[in-house]
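This is what each chain is made of:
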Amino acid sequence: MNGPLELISLFDLPRGHEATVSCGDFAAFGERSDRELALRLYEIGFVDGERVRVVARGFPGGEPIAVRVGSTIFALRRFEAERVLVAPLRNGRAKA
Amino acid sequence: MSSTSEAMSLVLLGNPNCGKTALFNLLTGSRQKVANYPGVTVDRKEGQLTTPAGRQFRVLDLPGAYSLNAVSIDEEITRDVVLGTLAGERRPDMIVCVSDATNLKLNLRLVLEVKRLGLPMMLALNMTDLARKRGIVIDVAALQRELGMPVVNTIAVRRGGASELLTQLESSVPAQLPHPAGELPPAAAWLAPDVADVSATQREVRRILAASVREPAIDTRFDEHIDRVVLHPVWGLLILAATLFLMFQAVFSWASLPMEMITASVEAFGALLSTHMPESLLRSLLVDGIVAGVGGVLVFLPQILILFLFILALEDSGYLPRAAFLLDRLMGTVGLSGRSFIPLLSSFACAIPGIMAARTISNWRDRLATIMIAPLMTCSARLPVYALIIGAFIPQQAVGVFNLQGLVLFALYVAGVLSAMAVAAVLKITVSKGLQHPLLLELPSYRLPHGRNLLLGLLERAKIFLLRVGNIILALTVLLWFLSTFPGAPEGATGPAIQYSYAGMLGQALEVVFAPIGFNWQISIALVPGMAAREVAVGALGTVYALSATGDDVAGQLGPLLAAGWSLPTAFSLLAWFVFAPQCLATLAAVKRETNSWRYPLLMAGYLFALAYLASFITYRVALLLTGGGHA
């Protein structure tokens, strides 16, 4: 992580690319259901600095996405994935 | 058994997919009891554990939870049991946290959260064999020090894989409770965490992991190679379709031999009774009532077990959540979630566990929609009916590599699924109004299904089915025999005796309602006891036809009797009726319990009856036209 990186939503991360989660206070705002969702995302490991990679995309519309976080894969819908901001790695090789 | 009340209680608590239930099976073997928590329908699995030194424990397998900050009923139950706030449930004496050793980053957060409660606990690092294979080195002593609790290695899928846990239980748990049962000290107050708490805990997890675990860059190639195909939009859906198709073919073809054996035994038993008993009412009750009725249902045990074998194996292997992933968006178009897939798939076995499984859907509207359409998934209780009619009316012939009977069965399942989608789409417009809900579904690592777990699961299903045969079905069969036998035929009657019985009268009354869709009075009678359990309809037909036949050889062979007695349109109409089969009281009772109101079960019964009647009417009329008219 060198220099300021452009942040994108997890949903916009292309399949196979790696990124790090970067969203310290993403849970602080919004309605109760939003906060609960954010908290749960946090609890299952979408925390600052965590490596993530999109391993598959659903059909149609590329939704939901299957994201590897740590050694687990979680399936998220678009609006869930959009709650998570990530910084793509420069050399986030597309393995496919 | 008398010591149960004094036995210490321990609970197994952990994330979903941590192998907790496998560990529970290993600890308790077949000494398990499955019931419900009061007021809700979350499975309460309790078992007996005796350590090598003879210590007794009651073991409770809690529902999987990611957090005590519950978002589903399952998680609420887990939290309330641990906190001792659930009515009718004593707070556990000891908590065994079960963690997947290959996935500690996710699992340890819950451990730390529970630890804050200040209750006696230990950590079982499960799947340590897999962790070792992946080169993960866990310094158990360091982890023990950092966590401040005993830590043991377990391999739930290996015989003897819990020996460390047993030793630890024997050595560290006092033989005598330090306090009289029922007067446990309270747990530390639990407050819903906020973001700051969660992030502090996550930092703590990382610190502990850094101090105690050495993990190579995770080798995920194996899973990802599989997932590249299995989660692929095209190949993945094709594989799913093929899997389901294979499942239904297997239900028909693998089961045929054991089914023939059961039929033959039942017939032999009936014949034995007939020859060795004098002609009497008792003989009629035993042969025509009990043997024909119960035997006719028992014969479907092999099919039900094969279906469950597939569902359990798919679940154990990690494939089911992936199927949910694949279908999430497609099911979303009719207002469902991928999470609805598992309850709906269970509903193929029986709508009741399916309706109960819907509680894992945290969103109420999604859950309600799933519950409402669960009975449209063809449950295994309808299989006897389908099997009987298909066997009687569809020729056993090959179509390409497939079997025509299997194809018809598949079509009936598809009809159920399609109508479920249509109903869900209507619900989407009227009830849920297109709101978005989270999916948050874990796709666990692939593993080979484990024999003992499959076997225990199958035994549980077989027990449930046989108990149903033993209780409800037996009682109804006897009742139906009574209704079909009394009063006897009057002097000089020409028709079969049953026509003059109570059942005959009831059937003839109902026939007025059902004649437009081609049902004769025998079918109308059979639908009545079918309300208690759908498969009873077959037993009932068996009883009705056994009693209306005039010959002596009436114990079995219902199929040919039907083939001779019904027209093809009637058979098709009855098949169409059972796609919707509105008359299952147990399902409606489950809906009442799950939704806590009469509104939804009544709504369900109403819409299912309307659809069933409509579908049968159309099927019957179209089939009549195509077969050139004629009357049933």
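Residue positions within a chain follow its written sequence, with the count starting from 1. Lettering for chains starts from A, numbering for ligands starts from 1, and both go in the order in which the items are written. Reporting in this predicted model follows two pLDDT cut-offs: at least 70 for local features of residues, and 80 or more for side-chain atom pairs to be given and counted; totals over whole chains, interfaces and linings ignore these cut-offs and use all residues.

A run of H or I in DSSP counts as a helix once it spans at least four residues, and a run of E counts as a strand once it spans at least two, with each numbered from the N terminus. Assigned secondary structure in chain B consists of 26 helices and 12 strands. Counts of 20 or more other C-beta atoms within 10 Å of a residue's own C-beta define buried residues, counts of 12 or fewer define exposed ones, and intermediate counts define partly exposed ones; C-beta atoms are placed from the backbone. Buried positions account for 47% of the 632 residues belonging to chain B. Any pair of residues counts as being in contact when their C-beta atoms, constructed from backbone geometry, are within 7 Å of one another. Sequence-distant contacts in chain B: of pairs separated by 6 or more residues, those separated by 24 or more amount to 73%.

All right, on to the sheet that holds strand 12 (residues 441–443) of chain B then. Only strands that DSSP links by at least two bridges are regarded as paired with each other. Taking strand neighbours across the sheet as the criterion, the seven strands line up as 1(A)-6(A)-2(A)-3(A)-4(A)-5(A)-12(B) in an open arrangement whose pairing is antiparallel. With one partner strand each, in any of the chains shown, strand 1 (8–9) of chain A together with strand 12 of chain B form the two edges of the open sheet. Of the pairings in the sheet, the one linking strand 1 of chain A to strand 6 (residues 85–88) of chain A comprises two bridges and is antiparallel in character. Among the inter-strand pairings, A:Ile8 is bridged to a residue of strand 6 of chain A, identified as A:Val86. Whenever a helix is involved, its axis is fitted only over the stretch in contact; in every case the axis is a line through C-alpha atoms, and angles between N-to-C directions fall within 0 to 180 degrees. Along the sheet, helix 13 (residues 319–332) of chain B makes contact with strand 4 (65–69) and strand 5 (72–76) of chain A together with strand 12 of chain B, crossing strand 12 of chain B at roughly 125 degrees.

What follows is about the confidence of the model for chain B. All names here are of chain B. In this model, chain B carries a mean pLDDT of 81, and residues with pLDDT of at least 70 account for 88%. pLDDT runs from 0 to 100 and stands for how confident the predictor is about each residue. Low confidence marks residues 1–5, where pLDDT is under 50. Its contacts with residues over four positions away, or in another chain, come to two contacts. When the criterion is pLDDT under 50, residues 550–556 qualifies, and its contacts beyond four places in sequence or with other chains add up to 13 contacts.

This part covers the pairing of strand 3 (residues 51–57) of chain A. Residues and elements named next belong to chain A. Across the seven residues that make up strand 3, a large majority, six, are buried. Strand direction decides the pairing type here: strand 3 and strand 4, joined by five bridges, are antiparallel. If you follow Val-52 over to strand 4, its bridge partner there is Val-69.

With that settled, consider helix 25 (residues 585–595) of chain B. Structural remark: α-helix, 3.6 residues per turn; residues separated by three or four positions point the same way. All names here are of chain B. Within the sequence span of helix 25, burial applies to Thr-587, Leu-588, Ala-590, Val-591 and Glu-594. Down the axis of helix 25, the smallest arc covering the buried residues is 155 degrees, so these residues share one side. Directly beyond the C-terminal end of helix 25, a positive phi value near 60 degrees is found at Asn-596. Arc, as used here, means the arc of the directions from the helix axis to the C-beta atoms.

The subject of this paragraph is helix 20 (residues 502–514) of chain B. By this rule the span expected of a helix is its residue count minus one, scaled by 1.5 Å. Its 13 residues place the ends of helix 20 of chain B 18 Å apart at the C-alpha level, agreeing with the 18 Å of an ideal helix rising 1.5 Å per residue. Residues B:Ala503, B:Gly504, B:Gly507 and B:Phe514 constitute the buried set of helix 20 of chain B.

This paragraph deals with the UniProt feature "transmembrane region" (unreviewed entry) in chain B. All names here are of chain B. UniProt positions are given in the numbering used here, feature names are shortened, and annotations may be inferred rather than shown by experiment. The UniProt record annotates "transmembrane region" (unreviewed entry) at residues 229–248, 285–314, 368–394, 406–427, 465–483 and 603–623. From the first C-alpha to the last, residues 229–248 spans 23 Å; its make-up is 80% helix and 0% strand. Taken end to end, residues 406–427 comprises 100% helix and 0% strand; its first and last C-alpha atoms sit 32 Å apart.

Turning our eyes to something else, we now look at the interface of chain B and chain A. Counting residues at the interface gives 30 residues for chain B, matched by 31 residues for chain A. Only helix 3 (104–115), helix 7 (195–212), helix 8 (221–230), helix 13 and strand 12 of chain B provide two or more residues apiece to the side of chain B that touches chain A. Here the nonpolar group is Ala, Val, Leu, Ile, Met, Phe, Trp, Tyr, Cys and Pro; Asp, Glu, Lys and Arg are the charged ones; every other residue, Gly included, is treated as polar. Taken together, the residues of the side of chain B that touches chain A break down into 15 nonpolar, eight polar and seven charged. Inspection of the sheet shows strand 5 of chain A paired to strand 12 of chain B by three bridges, in the antiparallel sense. By the bridge assignment, A:Ile73 is partnered in strand 12 of chain B with B:Leu443.

For chain A, the mean per-residue pLDDT works out to 80, and 78% of the residues sit at or above 70. Of all helices and strands in chain A, the one with the weakest mean pLDDT is helix 1 (residues 32–43) of chain A (81), whereas strand 4 of chain A scores best (92).

When buried Ala, Val, Leu, Ile, Met, Phe, Trp, Tyr and Cys residues are joined through C-beta atoms within 7 Å, the set is termed a nonpolar core. Membership of the largest hydrophobic core comes to 196 residues, with the highest contact counts inside it found for A:Ala66, A:Val67, B:Val11, B:Leu23, B:Cys97, B:Ala124 and B:Tyr386. Residues contacting B:Cys97, with those up to four places away along its chain left out, are B:Leu13, B:Gly14, B:Val111, B:Val114, B:Met121, B:Leu123 and B:Ala124.

Our next topic: the environment of B:Phe269. All names here are of chain B. Looking at where Phe-269 falls in the secondary structure, it is placed in helix 10 (residues 256–276). Classification of Phe-269 by C-beta neighbours within 10 Å gives partly exposed; the count is 15. Remark: the alpha-carbon pair of Phe-269 and Leu-480, spanning 211 residues in sequence, is separated by 21 Å.

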